Amino acid sequence: DALQSTNPFTVENTETQLVYLGLTAISDPVRPGVPDAIKACHTAGIRIMMITGDYPLTAKSIARQIGIGGDGEIAVRSGTDLTAMSDAELKDLLRHGETVFARVSPEQKLRIVTQLKELGEIVAVTGDGVNDGPALKKADIGIAMGQRGTDVAKEAAQIILTDDNFGSIVAAIEEGRGIFDNIRKFAAYVLNSNPQELYPFILWMLIPGFPLVMTVMGVLAVDVGTDLIPAMGLGIEPPEKGIMERPPRKKGERLLSLGFIVRSYLVQGSLLAFSCFATYYYFAWAMGYLTGPNWYMNLPASPAKLDMTQASAVYLQSLAAFFFPTVAVQIANVMSKRSSRSSLFSRDFLQENTRAAKIAAMRSYRPQLRTVNVKIDYEVTSLRRSEAPRALVAQLWHLLAFLPRTFFMHAANLTVHLRRILGVPFVHVMAGFFERHPIVFNFVSNPLINIGIVFELVLCYVFFYTDLSKVYFFAPVPWHVYVFAFHGLVLMLVFEETKKYFRRRGHALEFLG
């Protein structure tokens, strides 16, 4: 009754005799790495759009803080504006720039994603709530938050972000581009050695009397022997410098296209084949051939009916002279293919963080004692009949592998003390040397490629100077023929470095591979 008897509450009779205690504001701060991640997306040609249920002024303020829209004015559209727009008007809005959408309903978010896809865009959507489910499902790539995301969002998405960090998405884009490039490098490297395997058979079939300078065993030695490990080394290359400064590749671009295969054959492949034939003809000239009116056909002859047991010694030597340049040229080829733009002889060949991480790993090298862990994750009682053979094989594998793993463990542990005395100081000295000479580090920063190069040269020795020469039909050649074969290495390096120079000047030169 006393409350009802008071005068009505107004500004004049209410806001009087007040004591100011303070002002409280609530803010959801931007994560530290987000502005840099947004900037990296812009550099990589990726547009960012904010679609939120927040108030338009709040959304615009956050967009400005994280860098959406760049330096220009940020366009903000509310859900009411979207309702009044036709599909054609919405497409015109989405076609360019980065728009912020505020006070948007789940249906409107789904509509935005649909219109972007109709424009031919590849759309990735992030979300964490139930209302984000339809848009996550509709997008080409739905990304749900792993920590604060709902089960509905996680089920609708293709990717779950375990740390809820936008920067992880950008890192994944960089890694994905690196993997795509590495697969192409791997394929191009393997294809480059095919012409020097193919051309000899074509010449042998089309030109009567022309000798077969590459046998089937020689092809096998290249494809399964010398090319294998260096190609695998290209598959573990870190993303090269500047990979996030390229625009996205075209939507319909294939991993292995006809043009890619043709370029691999006709450019580097033909360069490799030229070096092989040049060394072959040099060997023939050194052995007294290439004389007479048809000097270019005066070559070591193939045995009758290609019966290699009847092959002459000089013919087997000619096969080695044609084979060895493949190894020499592919050494330069695999080193050059590690980057499509950066020079092998520059500091920019490796990213600074990649170089720093590798050198830091060398500085922290400490040999540790090893142990053997054997774990079998099968319960025989719970196996279905179809799983029983697989479980049996897995158990047998663990049991059979136990003894060799134990042997290698003991062998490694016996050398721990020696490696700590000699190995650790040596590795530390080399880390300091590579830090002072980054160009030298470019050549040894991929250990698998280095192992592959050594393996190639060792295989050549085995093929030429051991009993395997009778299996692969090779014979040793004079030392000056080996030296001459390395002209192909120099030729390939000059070609690749020249191509990269013009690419750094803005010329794509895609036709050169």
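Data block above holds the structure.
Please read all numbers here as calculations on a predicted model, not as lab measurements.

What follows concerns helix α3 (residues 34-43). Those residues of α3 that fall on the buried side of the exposure criterion are V34, A37, I38 and C41. Along α3, the residues classed as buried sweep out an arc of 100° about the axis, all on the same side. Among the exposed residues of α3, those oriented more than 90 degrees off its buried face are D36 and K39. Buried residues along α3 sit in contact with α4 (56-66) and α10 (166-192). Within two residues after α3, G45 carries a phi angle of roughly 80°, on the positive side.

Applying the stated criterion across every chain yields a total of 18 salt bridges. With a closest N to O distance of 2.9 Å, E73 and K60 form a salt bridge. Taken together, the positions of E73 in the loop between α4 and β2 (75-78) and K60 in helix α4 put the pair 13 residues apart, joining distant regions of the chain. Taking the shortest distance from any N to any O, the salt bridge between R338 and E237 comes out at 2.9 Å. A residue pair is termed long-range when its members are at least 10 positions apart, and R338 in the loop between α15 (313-336) and α16 (352-363) and E237 in the loop between α13 (228-234) and α14 (258-286) qualify at 101 residues. The pair R338 / E237 is uniform in exposure class, with both members buried. One network of salt bridges, in which partners are shared, links D181, K185, E240 and R246.

Once that is clear, we can look at the environment of I68. The topology assignment puts I68 in the loop between α4 and β2. Setting aside residues up to four positions removed in sequence, I68 forms contacts with I38, H42, I48, M50, A63, I74, E98 and V100.

Spanning 24 residues, α15 covers 36 Å between terminal C-alpha atoms, matching the ideal 34 Å at 1.5 Å per step. In terms of burial, α15 is a largely internal element, 23 of the 24 residues being buried.

Positioned with a positive phi, L290 is a non-glycine residue whose angle comes to about 60°. Structurally, L290 can be placed in the loop between α14 and α15. Positive phi values are uncommon outside glycine, yet L306 reaches one of about 55°. Its relative accessible area of 28% is what places L306 among the partly exposed residues.

What counts as what
Residues numbered from 1 in each chain as written. Predicted model: local features only at pLDDT ≥ 70, side-chain atom pairs only at ≥ 80, totals over all residues. Heavy atoms only, no water. Buried < 20%, exposed > 50% of the residue type's maximum accessible area, 1.4 Å probe, protein only. Helix = DSSP H or I, 4+ residues; strand = E, 2+ residues; numbered from the N terminus. Arc of directions from axis to C-beta. Contact = heavy atoms within 4.5 Å. Salt bridge = Lys/Arg side-chain N within 4 Å of Asp/Glu carboxyl O. Expected span 1.5 Å × (residues − 1).

Geometric values such as these leave the question of function open.
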